[in-house]
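Chain residues, written in single-letter form:
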Amino acid sequence: MLSSPAWDTPTYWALDLETSGLSPADQILSVGMVPLRQGVIRYGERFYSLVRPQAGLPLSQEGIRAHHIVPAELEDAPPLAEVLEAVHPRLGEGILLLHHAPLDLGFLQRAYRRLGRPWPRPRVLDTAGLIARLQHRQHQLEPHARPLPTGLAESRAHFGLPPYLEHHALYDALATAELFLLLRARLGAKTLRQLL
């Protein structure tokens, strides 16, 4: 069996998206990314951009209340194709780190498809999945222990991490990166294979 590299050998890119809604027809409004290199968050290398939606996309009042992105902010934002040009090399650099991966991953894959770009197929690590593993371990030791929260803010609060502004792509990416480091330590993962 091939040995697995140490968990901190690859680069991880924590990513979060804010979108106009949750259905497949909705669009990406902002992208935030924060790298971890050699097990350290490199906030100085962060990436953040608003995304100008396709013409005629209405923003719901519910969405604006959640992410606080208003139509006027998006008028001068770069289009999705330009933002993906900046995102793409980061996706190819290492492991994509998400919280509740299916949602953001689905939006990214649809965006690539819509623009006729091949999906780069990054390896994906989901912090919600790491919480589930920790929950399973805890349940084996304490069968009647209360379930661990799975929401990003709730999980961070449970583990004593400080709160950030929620529903902002950059701060949620940073929050995911910090949560990952804590969960990796709690799980005692020493190799990449133990995480993926």
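Now for a quick tour of the structure.

Parameters at a glance
- Counting restarts for each chain: residues are numbered from 1 in the order of the written sequence.
- Under the rules for a predicted model, residues below a pLDDT of 70 receive no local features and side-chain atom pairs below 80 are neither given nor counted, while totals for whole chains, interfaces and linings still include all residues.
- Note that water and hydrogens are dropped before the side-chain values are worked out from all heavy atoms of the structure.
- Numbering goes from the N terminus for both helices and strands, where a helix is a DSSP run of H or I of at least four residues and a strand is a run of E of at least two.
- Buried, partly exposed and exposed residues are distinguished by accessible area as a fraction of the type maximum, computed with a 1.4 Å probe on protein chains only: under 20%, between the cut-offs, and over 50%, respectively.
- Note on contacts: a residue pair qualifies if any of its non-hydrogen atoms lie within 4.5 Å across the two residues.
- Fitted lines through C-alpha atoms give the axes, limited to the stretch in contact for helices. The angle between two N-to-C directions lies from 0 to 180 degrees.
- Here the angle decides the label: under 35 degrees means roughly parallel, over 145 means roughly antiparallel, 65 to 115 means roughly perpendicular, and every other value means oblique.
- In this scheme the handedness of a crossing depends on how the near helix is turned from the far one: anticlockwise by less than a right angle means left-handed, clockwise means right-handed.
- Each residue is assigned to one class: nonpolar for Ala, Val, Leu, Ile, Met, Phe, Trp, Tyr, Cys and Pro, charged for Asp, Glu, Lys and Arg, and polar for all the others, Gly among them.
- In the sections that follow, a salt bridge refers to a side-chain nitrogen of Lys or Arg positioned within 4 Å of a carboxyl oxygen of Asp or Glu.

**Re the environment of proline 149**
And then number 1: Along the chain, the position of proline 149 falls in the loop between helix 5 (127–141) and helix 6 (152–158).
And then number 2: In this structure proline 149 comes out as partly exposed when scored by relative accessible area, which is 22%.
And then number 3: Separated by 14 residues in the primary sequence, proline 149 and proline 163 have C-alpha atoms spaced 15 Å apart.
And then number 4: Those residues in contact with proline 149 that lie beyond four places of it in its chain are Ile131, Glu154, Ser155 and His158.

**Remarks on the packing of helix 3 (residues 80–91) against helix 4 (residues 101–114)**
And then number 1: It is the contact of helix 3 with helix 4, at a shortest axis distance of 11 Å, that shows an interaxial angle of 120°. Between helix 3 and helix 4, the interaxial angle falls into the category oblique. Two packed elements cross with a definite hand, and for helix 3 against helix 4 that hand is left-handed. For the pair helix 3 and helix 4, contact is made by Leu80, Leu84, His88 and Leu91 and by Leu108, Ala111, Tyr112 and Arg114, respectively.
And then number 2: Looking at the contact of helix 3 with helix 4, its residues break down into six nonpolar, one polar and one charged.

**Here's the deal with the packing of helix 5 against helix 7 (residues 169–187)**
The packing of two helices is summarised by the inter-axis angle and the distance between the axes.
And then number 1: Contact pair helix 5 / helix 7: the axes reach a minimum separation of 10 Å and the direction vectors enclose 30°. The angle between helix 5 and helix 7 falls in the class roughly parallel. Relative to helix 7, the crossing made by helix 5 is left-handed. Contacts from Thr127, Leu130, Ile131, Arg133, Leu134 and Arg137 of helix 5 reach helix 7 at Thr176, Leu179, Phe180, Leu183, Arg186 and Leu187.
And then number 2: Of the residues assigned to the contact of helix 5 with helix 7, the class counts are seven nonpolar, two polar and three charged.

**Observations concerning the pattern of salt bridges**
And then number 1: Counted under the stated rule, the structure contains four salt bridges.
And then number 2: A salt bridge links arginine 117 to glutamate 85, with the nearest nitrogen and oxygen atoms 2.7 Å apart. Taken together, the residues span a long stretch of sequence, with arginine 117 in the loop between helix 4 and strand 6 (123–126) and glutamate 85 in helix 3 at a distance of 32 residues.
And then number 3: Residue arginine 156 pairs with glutamate 178 through a salt bridge whose shortest N-O separation is 2.7 Å.

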